[in-house]
Amino acid sequence: MPNKALRIMIADTQHFHRVRLEYLFNQQGYFRIAPVSGLQELLTLVEYGSEPFDLVVVNAGLANGALDLHDFILDNPQLRHAMIYNTSQIGLSSTAVARRPGMHLSPAQLPDLASLASLMQRIDPQACELTRPWLRPLRQGHAG
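Under an unreviewed UniProt entry, the name given to the chain is Response regulator, and the organism recorded is Pseudomonas hefeiensis.

Novice: Provide a residue-level description of helix α1 (residues 15-27), including the pertinent values.
Specialist: The end-to-end C-alpha distance of α1, which contains 13 residues, comes to 18 Å, matching closely the 18 Å that a straight helix rising 1.5 Å per residue would cover. Along α1, the residues that are buried comprise His17, Arg18, Leu21, Leu24 and Phe25. For α1, the buried positions fall inside an angular range of 130° around the axis, keeping them on one side. Exposed side chains of α1 directed beyond 90 degrees from the buried face belong to His15 and Phe16. Lining the buried residues of α1 we find β1 (8-11), β2 (33-36), β3 (55-59), β4 (82-85) and α4 (113-123). Where α1 terminates, the next one or two residues include Gly29, which has phi positive at roughly 95°.

Novice: Pulling in residues and values, what's your account of the environment of Pro125?
Specialist: Along the chain, Pro125 falls in helix α5 (residues 125-131). The partly exposed category is assigned to Pro125, whose relative accessible area is 42%. On a C-alpha basis, the gap between Pro125 and Pro2 in space is 8.9 Å, while along the polypeptide they are 123 residues apart.

Novice: Can you lay out the pattern of salt bridges for me, pointing to particular residues and giving the numbers?
Specialist: Counted by the stated rule, this structure contains two salt bridges. With a closest N to O distance of 3.7 Å, Arg32 and Glu51 form a salt bridge. Here Arg32 is found in the loop between α1 and β2, whereas its partner Glu51 is found in the loop between α2 (39-48) and β3, with 19 residues between them in sequence. Judged by relative accessible area, Arg32 falls into the partly exposed class, the value being 37%. With relative accessibility at 34%, the residue Glu51 sits in the partly exposed group.

Novice: Outline the packing of aromatic side chains, listing residues and values.
Specialist: Counted under the stated rule, the structure contains zero aromatic pairs. Against the face of Phe53 rests Arg7, its NZ or CZ located 4.1 Å from the ring centre.

Novice: Explain the nonpolar core to me, and be specific about the residues and the numbers.
Specialist: Judged by nonpolar contacts, the single largest core of 22 residues is most densely connected at Leu42, Val56, Val58, Ile73 and Ile84. Counting residues per element, the ones that place at least two in this core are β1, β2, α2, β3, α3 (69-74), β4 and β5 (103-106). Among the elements that take part in this core, α3 stands out by supplying four residues, more than any other. Those residues in contact with Val58 that sit more than four places away from it in its chain are Ala11, Leu42, Leu69, Ile73, Met83, Ile84 and Tyr85. Within the second largest apolar cluster, 16 residues are counted, among which are Ile8, Tyr85, Leu119 and Ile123.

Novice: Account for the pairing of β3, with residues named and values stated.
Specialist: Within β3, five of the five residues are buried, leaving the element largely enclosed by the surrounding structure. Residues Leu55, Val57 and Asn59 line one face of β3 and the alternating positions Val56 and Val58 line the opposite face, and both faces are buried. Note that β1 and β3 share four bridges and pair parallel. Considered in β3, the bridge of Met9 is made with Val56. Following the backbone out of β3, through α3 and into the adjacent parallel β4, one traces a crossover that is right-handed.

Rules used throughout
- Every chain is numbered on its own, with residues counted from 1 as its sequence reads.
- Owing to the predicted nature of the model, reporting of local features is limited to residues with pLDDT of at least 70; listing and counting of side-chain atom pairs is limited to 80 or more, with chain, interface and lining totals taken over all residues.
- The side-chain values count all of the structure's non-hydrogen atoms but skip hydrogen atoms and water molecules.
- Runs of H or I in DSSP of at least four residues are treated as helices and runs of E of at least two as strands, each being numbered from the N terminus.
- Working rule for helices: expected span equals 1.5 Å times residues minus one.
- Exposed residues in this analysis have more than 50% of their type's maximum accessible area, buried residues have under 20%, and partly exposed residues fall in between, with area computed by a 1.4 Å probe over protein chains only.
- For this quantity, the arc is that covered by the directions from the helix axis to the C-beta atoms.
- Every residue pair with non-hydrogen atoms within 4.5 Å of one another is taken to be in contact.
- One side-chain nitrogen of Lys or Arg within 4 Å of one carboxyl oxygen of Asp or Glu is enough to make a salt bridge.
- Between rings of Phe, Tyr and Trp, where Trp is taken as its six-membered ring, a pair exists when centres lie within 6.5 Å; planes separated by under 30 degrees are stacked, by over 60 edge-to-face, and by other angles tilted.
- Whether a charge sits over a ring comes down to the Lys NZ or Arg CZ being within 6 Å of the ring centre and within 35 degrees of the ring normal.
- Put simply, a nonpolar core is a bunch of buried Ala, Val, Leu, Ile, Met, Phe, Trp, Tyr and Cys residues held in one set by side-chain atoms that sit within 4.5 Å of each other.
- A pair of strands is labelled paired if DSSP reports no fewer than 2 bridges between them.
- We call a crossover right-handed when, viewed with the strands running away from us, the connection from the first strand over the helix to the second turns clockwise.

Laid out in structure tokens, this is it:
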């Protein structure tokens, strides 16, 4: 079972992208999702939130040059894990990932189910083991 207490923020200016990503997380059993449409909303929720976000999934173009999203996420204790997608839009390379294991960069314009599932395997590994029985070792047959 997925950890239903995980808090996820989706930040993208395009409504369709936020809805699509929320749907993909819902398919995996995650429902505590805060969709935001702008940089100011993201900053407000992070700064004044009562508890940290376990994951923020953000379009690299959201900041539009007003803020270095990568450094903001790296330096913020209110954000445990992050995926910045559409990185080719701002020229962010994956070499910057080495600074923090919880940071994931994707050149994709919009993450798909497979990339989000892979991400959640790292963030919520117990849930992935339970929902994918083919990954567990086979039990020996029953005698009798």
